[in-house]
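# Survey of secondary and tertiary structure
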Amino acid sequence: MSQPLGNQPIEILYVEDNPHDRELTLRTLQRHRIANHVQVARDGQEALDLLFGDGGGGAAPERQPRLILLDLKLPKVDGLEVLRRLKSDPRTRRIPVIMLTSSREERDIVESYELGVNSYIVKPVEFEKFAAVVEQLSLYWVILNQPPETPR
C-alpha cells in the first residue's frame, strides 16, 4: 500500500517520520479500505521531491494526491515549510492538507492556519483513538469531500 505507485493516482500522501505512527495509520487505512494508493514520505524533503520533482517541474497533475497528511516535526524540511511551499504553488495549493501532529503549541496551530492548512489534528496517544481519527479524517477528505479540479 505504501509502495511506489508507477502511474497510478495517489489518493493520500502521508508525510511522517515516526515508524510507529506510520504503521498504525497505514494499517488503519488498509483495514477500512479507505485509500488504495498511499504514498509515504519519511521527511519533508522527500515530500517536496514527490510533489515538485527534483528539477522543480513537479509531478503531473493527475499524479498529485487528493489529500496530504502532514506531520509538523519532520527531519530535513519541517512540516510548516512543506505547507508553505504547497500553498504558495498554484499546482498544489488546492490539495487539502491536514496537519496530523503531536504538537499542541498555539504558535504551531496559528502558523499552520495562516499558511493555509485545512485542518489541524493533534494525534491521540491511545491506539484506538488514533485509528478512529485517521479513519474519520480519511473518510471525509478522500471519499466525501469534493475538491475543485487541480490546475494543470
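A few points on the structure. Every chain begins its residue count from 1, and numbering advances along the sequence as written. With pLDDT at 70 or above as the cut-off, local features in this predicted model cover only qualifying residues; side-chain atom pairs require 80 or more to be listed or tallied, and sums for whole chains, interfaces and linings still use all residues. Each side-chain value is worked out from all heavy atoms of the structure, with water and hydrogens disregarded.

### Structural notes on the packing of helix α3 (residues 79-88) against helix α4 (residues 106-114)
Running from amino to carboxyl end, α3 crosses α4 at an angle of 15 degrees, the nearest separation of the two axes being 10 Å. Accordingly, the angle class assigned to the pair α3 and α4 is roughly parallel. The hand of the α3/α4 crossing is left-handed. Contact residues: α3 offers Leu-80, Leu-83 and Arg-84, while α4 offers Asp-108, Glu-111 and Ser-112. Three residue categories are used. Nonpolar comprises Ala, Val, Leu, Ile, Met, Phe, Trp, Tyr, Cys and Pro, charged comprises Asp, Glu, Lys and Arg, and polar comprises the others, including Gly. The residue makeup of the contact of α3 with α4, split by class, is 2 nonpolar, 1 polar and 3 charged. Here an axis means a line fitted to C-alpha atoms, over the contact stretch when the element is a helix, while the angle between two N-to-C directions is reported on a 0 to 180 degree scale. Labels follow the DSSP assignment, with helices taken as runs of H or I lasting at least four residues and strands as runs of E lasting at least two, numbered in each case from the N terminus. Here roughly perpendicular refers to angles of 65 to 115 degrees, roughly parallel to angles under 35, roughly antiparallel to angles over 145, and oblique to all remaining angles. Note on convention: near helix rotated counterclockwise from far helix by under a right angle means a left-handed crossing. Clockwise means right-handed. Residues are treated as being in contact if the distance between any of their heavy atoms lies within 4.5 Å.

### What to know about the pattern of salt bridges
Every case where a carboxyl oxygen of Asp or Glu lies within 4 Å of a side-chain nitrogen of Lys or Arg is listed as a salt bridge. Within this structure, the stated rule accounts for 7 salt bridges. Arg-84 is the salt-bridge partner of Glu-111, the closest N and O atoms lying 3.0 Å from each other. With Glu-111 in helix α4 and Arg-84 in helix α3, this residue pair connects regions lying 27 residues apart in the sequence. Note that Glu-105 and Arg-107 form a salt bridge whose closest N and O atoms lie 3.0 Å from each other. Partly exposed residues are those whose accessible area sits between 20% and 50% of the maximum for their type, while under 20% is buried and over 50% is exposed, using a 1.4 Å probe and protein chains only. Judged by its relative accessible area of 34%, Glu-105 falls in the partly exposed class.

### Description of the sheet that holds strand β1 (residues 12-15)
Pairing between the strands of a sheet is mediated by backbone hydrogen bonds and can be parallel or antiparallel. DSSP bridges decide pairing: two strands pair if at least two such bridges lie between them. One open sheet accounts for 5 strands, arranged β2-β1-β3-β4-β5; its pairing is parallel. In this open sheet, the two edge strands, each paired with only one partner strand, are β2 (38-41) and β5 (119-122). The mean angle between the axes of side-by-side strands here comes to 20 degrees, regardless of whether they run parallel or antiparallel. Taken together, the 4 bridges between strand β4 (residues 97-101) and β5 define a ladder with parallel strand orientation. Residue pairing in the sheet places Leu-100 in a bridge with Ile-121 of β5. Docked against the sheet, helix α2 (residues 44-52) engages β1, β2 and β3 (67-70), running at close to 135 degrees with respect to β2. Relative to β5, α4 is tilted by about 155 degrees, and along the sheet it contacts β4 and β5.

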